[in-house]
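Close look at the chain arrangement
Each chain, written out:
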Amino acid sequence: LKVDLSSKRIDTLSTSDYADRFLGGRGIATRLYWDHVPPKAQALAPENALVLATGPLAGVPVIGGSRLFVCGKSPATTPEHFTYCNMGGDWAVRLKSAGYDLVFVQGKADKPVYLLIHDGKAELRDASTLWGKGAIHAREMLTAELGSEVSVVAIGPAGENQATMACLMASDDAAGGAGMGAVMGSKNLKAIVVKGTGPAPDVANQKAVDAIVAKL
């Protein structure tokens, strides 16, 4: 899912264009960043991208099968450069069941918004009532409004005010990405909410997966 907050344009890109050369969320997300972000883009500029990606095991019932990879240029480094982190929780599995392997966000919204992803569809919604709230409070508000089956990645006031070390916080209290909260705040993006009811990914050799899991 590719989102331009400045133009409010939402498109899709084919993962298969990258999957034969780059394994997993980290590889594909890094290549997408390389392809779409100018080399001299500053961390808090609209041109910088925030990328949240799943790996090939997302949705497969194995240990570590719901990891979320987050990357972008961070203001927490000197000089600013491309960074990445890995988070837990159920956000990655829900994104996969909603039909997407990753979310690529660029631009800057003209007012606070959140991104809602639901089974192959995505829309930007007003987040003015969420702005100024802590990440956990915002997550609770969104869950109360949209239902307990959603998963949320959000920022708090630190991210909104582009504090250098601001992180992202996801459902299940997963947190990570020093500086990436500031990037999200610089885009006026309060949260990304995912609701997915699609099937789990097909596994080519389920017996082999079961054998590996049994040994862990």
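What counts as what
Residues numbered from 1 in each chain as written. Predicted model: local features only at pLDDT ≥ 70, side-chain atom pairs only at ≥ 80, totals over all residues. Heavy atoms only, no water. Helix = DSSP H or I, 4+ residues; strand = E, 2+ residues; numbered from the N terminus. Rg over C-alpha atoms; globule rule 2.2 N^0.38 Å. Buried < 20%, exposed > 50% of the residue type's maximum accessible area, 1.4 Å probe, protein only. Contact = heavy atoms within 4.5 Å. Areas by Shrake-Rupley, 256 points an atom, 1.4 Å probe, with all protein chains shown as cover. Lys, Arg positive; Asp, Glu negative; His and termini not counted. Charge placed at Lys NZ, Arg CZ, Asp CG, Glu CD. Expected span 1.5 Å × (residues − 1). Salt bridge = Lys/Arg side-chain N within 4 Å of Asp/Glu carboxyl O. Phe/Tyr/Trp six-rings, centres within 6.5 Å; stacked < 30°, edge-to-face > 60°. Lys NZ or Arg CZ within 6 Å of the ring centre and 35° of its normal. Polar contact = N/O pair within 3.5 Å; in protein donor to acceptor, adjacent residues only side chain to side chain. Pairing = 2+ DSSP bridges.

Before going further, it helps to spend a moment on the overall build of the protein chain. Assigned secondary structure in the protein chain consists of seven helices and twelve strands. Computed over its C-alpha atoms, the radius of gyration of the protein chain comes to 16 Å, within 12% of the 17 Å expected for a compact globule of 216 residues. On the principal axes, the C-alpha backbone points of the protein chain span a range of 50 × 40 × 30 Å. The buried share of the protein chain, reckoned over its 216 residues, is 47%. Contacts spanning at least 24 positions in sequence make up 61% of the contacts within the protein chain whose residues lie at least 6 apart. Carbon and sulfur atoms provide 54% of the accessible area of the protein chain, an area that totals close to 10300 Å². Distance from the positive charge centre (22 side chains) to the negative charge centre (21 side chains) of the protein chain: 3 Å.

Helix length check: helix H2 (residues 24–36) (13 residues) gives 19 Å between terminal C-alpha atoms against 18 Å at 1.5 Å per residue, within 8%. For H2, the complete set of buried residues consists of Gly-24, Gly-25, Gly-27, Ile-28, Ala-29, Leu-32 and Tyr-33. Residues of H2 that are buried make contact with helix H1 (16–19), strand S3 (50–54), strand S4 (68–74), strand S5 (81–87) and strand S6 (102–106).

Under the criterion given, the structure shown has ten salt bridges. The residue Asp-20 makes a salt bridge to Arg-21 at a minimum N-O spacing of 3.7 Å. Here Arg-125 makes a salt bridge to Glu-123, at a shortest N to O gap of 3.3 Å. According to the relative accessible area criterion, Glu-123 is partly exposed, its value standing at 36%.

This brings us to the packing of aromatic side chains. The geometry of two aromatic rings is summed up by the distance between their centres and the angle between their planes. Tallied over the full model, the rule gives two aromatic pairs. Above the plane of the ring of Trp-131 lies Lys-190, whose end atom (NZ or CZ) is 6.0 Å from the centre.

Structurally, Lys-187 can be placed in the loop between helix H6 (180–186) and strand S12 (189–195). Although Lys-187 lies buried, it forms no salt bridge, and the closest oppositely charged side chain, Glu-47, sits 7.5 Å away as judged by the N-O distance. Of the polar contacts made by the side chain of Lys-187, one reaches the backbone oxygen of Asn-48; its length is 2.5 Å. Apart from residues no more than four positions distant in its own chain, Lys-187 is found in contact with Leu-5, Ala-45, Pro-46, Asn-48, Ala-49, Leu-50, Val-105, Gln-106, Gly-107, Lys-108 and Ala-109.

So, about the pairing of S6. Most of S6 sits out of view: five of its five residues are buried. As judged from the three bridges shared by strand S1 (residues 2–4) and S6, these two strands associate in the parallel manner. When the sheet's bridge partners are listed, Lys-2 is paired in S6 with Phe-104. Across four bridges, the pairing between S3 and S6 is antiparallel.

Along the chain, Leu-57 turns up in the loop between S3 and S4. The spatial distance from the C-alpha of Leu-57 to the C-alpha of Val-203 is 9.4 Å, given a sequence separation of 146 residues. Every residue in contact with Leu-57, bar those within four places of it in the chain, is listed here: Val-62 and Gly-65.

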